[in-house]
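Single-letter residue listing:
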Amino acid sequence: MKANLGVEVPWQLVMLILIALPSVLFHVCHGQTDDYENPAAPPPGLDECNGLFLTYSFISREKEYPRVKNASAQAWAFKSLASITNTGQYELKGWQMFVGFQHKEILVSASGAIVVDGDDFPLEVGNGTTFAGNPMTDLKTAIDTAGDFTQISAQIEITGSVFGIKPPGVPMPKNIKLVNAGYKCPKATLKGKTYMQVCCKKDPKAKKVDKKVLKFLPRRYGDLSLTYDVLQAYGSNYQAQVTIENINPLGRLDHWNLTWEWMNGEFISKMRGAYTHKRDFSECVYGPAGKYYTDLDFSTVMNCEKKPVIADLPPERKNDSQVGKLPYCCRNGTLLPAIMDESKARSIFQLEVFKMPPFLNRTALVPPEKWKIDGVVNPQYKCGPPIRVDPTEFPDSSGLDSKTYAIASWQVTCNITRPKEKLSRCCVSFSAYYNRSAIPCNTCACGCDNNMGCSKTARAMLLPAESLLVPFDNRTNKALAWANLNKFKVPNPRPCPDNCPVSINWHIDSDYKTGWTASVTLFNWDDSPFEDWFSAIQINKAYKGLEGVYSFNGTTFDNLNKTIFLQGLPGLNFLVGEVNGTKPGDPRIPGKQQTKISFTKKHTPGINIARGDGFPTRILFNGEECALPKQIPLSSAEQKSPSKFLTVIIMAIMTFITMTDHLH
């Protein structure tokens, strides 16, 4: 049933829609001059705005299933309309509009735009979200278009679900604003209960850009930069090149998988430098492509999926004349940070794309949307939408001192997203010479299945140090015996494993007057090896005291939050996978590498190793941030210090009483 909101469609919205209609509708009767003398009134504030005029209108809602008595848990299907109009004198490239949703909204669709940094619909946007124009990414000026609203204005038709706001309340957003750099927006104002607007203007303090130099948006910085270049264009198809660049100095990808979504029925005919996981051309044969390309041999087509999954070729295909022979290709999907090897911080592949009507001319070029990329035990990346940028420059293939340019270029920037608690892909254990117990990785540090028969919340049980060398499934007896020996409480049910493919042990070996030492041991519990691995360690209180790394190559970087960068020495940079034990029934043996690290106390006065100053505050493996234990080993002296302090207090009190008696 429809909720009665009084006026469901505000008059301001009606007027805005009337203005936005194509100009032909306003010129139906050229013989009558009354239409020109009395045009429809614009929405309030539009005429006074010299910049970007943004609106949000709530249209309607219906109660959804299930019907519940708890009003805060009842879901409502809602519809709304957001708009952005360029009323200023500057063209707006790549417009982005933030809508501050605040009522647990779940978007189901948003026509006329895409969600920046968003996944597929349905999409939770209860903390607000940013929309970017699609397919209309730029807003021209009224001066350059003779006031054509179809070129200076864009609308977003929003459909979704909202919770907890029953009539007569209206689930309006907190705010709307323009996200583009160089503009300032005041807080949006409400006009009635269902409509809000704001006028964003050029920031006078913003750096001015020379319009003659910059035709498209400037390229952006991201942890990963992906460029989609069109190299050749024909009526029904084009050739494109994808370049993936690792920009973050501590970022990395192994066995990368890249996926996107074709928005207009495109399909991949050929590919060089990479391949798709699925090669099924039936979707083309039985789909619209088969009806249009009646004479095309689809058995040679690479991929017909709407969302193809693309991977790098192995090194042995690098010189293959059909699929290889591209620079920066064919490395099994490995992207190293530039500080390790600049030549391995980039991947390139090419593809031939066939288009579908109505995009059958040379200039009808639309990149795929919803880019995603992931690796194995690597950081997790979130990618934005493709942004049109100036065409990429390439050196002339003939060797002459000249440059060639792509026909069109788009950039996608992807940034590392920090994993939620207990959802990392590597973990850390702590141990020390002054404490007999080792603190293992946290319970479910890398996630847990729902039906494991163990506790996801119980604290991991302390272990004897040698137990860190065996898989979790073989530690049970050792953990129980250790708990019994030391009178530790055993959780019931017992804690789940950490489920991490990689773990790192930090062990303090010694602590003396002028310095101290630690051991770092890497464990690979997975079947796959890690080549050219690295680990980055931040240990704030001890960083300045680093003296030497003895079995790994160790480098310090002050400009990277004072990071100690560890990697295998040449010939020793291969961390093997887990293998079977020497005898049947023996526990499996993880791949393992270890180094000693020495520190001096000369440059770190006041450092106290026994109190925990010798343990890192952050550790990364191959760019992935590892889960740290929730406690650190303490020395016996430190653990007993409270009782010693209490004894001192009692002795002082007794002395005071005795002295008082003598005085009396």
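Our subject is the structure listed above.
Everything numeric here is computed off the predicted structure, so don't read it as measured data.

Asker: Help me understand helix 7 (residues 476-486) in this model?
Answerer: An α-helical segment advances 3.6 residues per turn. Residues three or four places apart therefore align on the same side. Among all positions of helix 7, only Ala479, Trp482 and Ala483 are buried. End-on, the buried residues of helix 7 take up no more than an arc of 100°, which puts them together on one face. Seen from the open side of helix 7, the exposed residues pointing more than 90 degrees away from its buried face are Asn477, Asn484 and Leu485. One or two residues past the end of helix 7 sits lysine 487, with phi positive at roughly 60°.

Asker: Explanation requested: the environment of isoleucine 607 in the structure shown.
Answerer: Along the chain, isoleucine 607 falls in the loop between strand 37 (591-600) and strand 38 (618-621). Separated by 66 residues in the primary sequence, isoleucine 607 and lysine 541 place their C-alpha atoms 7.0 Å from one another.

Asker: Please clarify how the packing of aromatic side chains should be interpreted in this entry.
Answerer: Pairs of aromatic rings are described using the distance from one ring centre to the other and the angle between the two planes. In the structure shown here, the tally under the stated rule is 22 aromatic pairs. Ring geometry for tyrosine 56 against phenylalanine 101: centres 6.2 Å apart, planes inclined by 75°, an arrangement best described as edge-to-face. Separated by 45 residues along the polypeptide, tyrosine 56 in strand 1 (residues 52-63) and phenylalanine 101 in the loop between strand 3 (96-99) and strand 4 (106-111) bring together distant segments of the chain. Take tyrosine 56 and phenylalanine 101: they sit in the same class, and that class is buried. Judged by centre distance (5.4 Å) and plane angle (85°), the rings of tyrosine 293 and phenylalanine 354 are edge-to-face. One end of the pair, tyrosine 293, is in the loop between helix 6 (288-292) and strand 18 (309-312); the other, phenylalanine 354, is in strand 19 (residues 346-354), and 61 residues separate them in sequence. Across the pair, phenylalanine 354 and tyrosine 293 agree in class, each one buried. A network of ring pairs unites the aromatic residues Tyr228, Tyr238, Trp260, Trp262, Trp371 and Trp410 as a single cluster. Above the plane of the ring of tyrosine 90 lies lysine 202, whose end atom (NZ or CZ) is 5.1 Å from the centre. Against the face of tryptophan 410 rests arginine 388, its NZ or CZ located 5.0 Å from the ring centre.

Conventions adopted
Residues numbered from 1 in each chain as written. Predicted model: local features only at pLDDT ≥ 70, side-chain atom pairs only at ≥ 80, totals over all residues. Heavy atoms only, no water. Buried < 20%, exposed > 50% of the residue type's maximum accessible area, 1.4 Å probe, protein only. Helix = DSSP H or I, 4+ residues; strand = E, 2+ residues; numbered from the N terminus. Arc of directions from axis to C-beta. Phe/Tyr/Trp six-rings, centres within 6.5 Å; stacked < 30°, edge-to-face > 60°. Lys NZ or Arg CZ within 6 Å of the ring centre and 35° of its normal.

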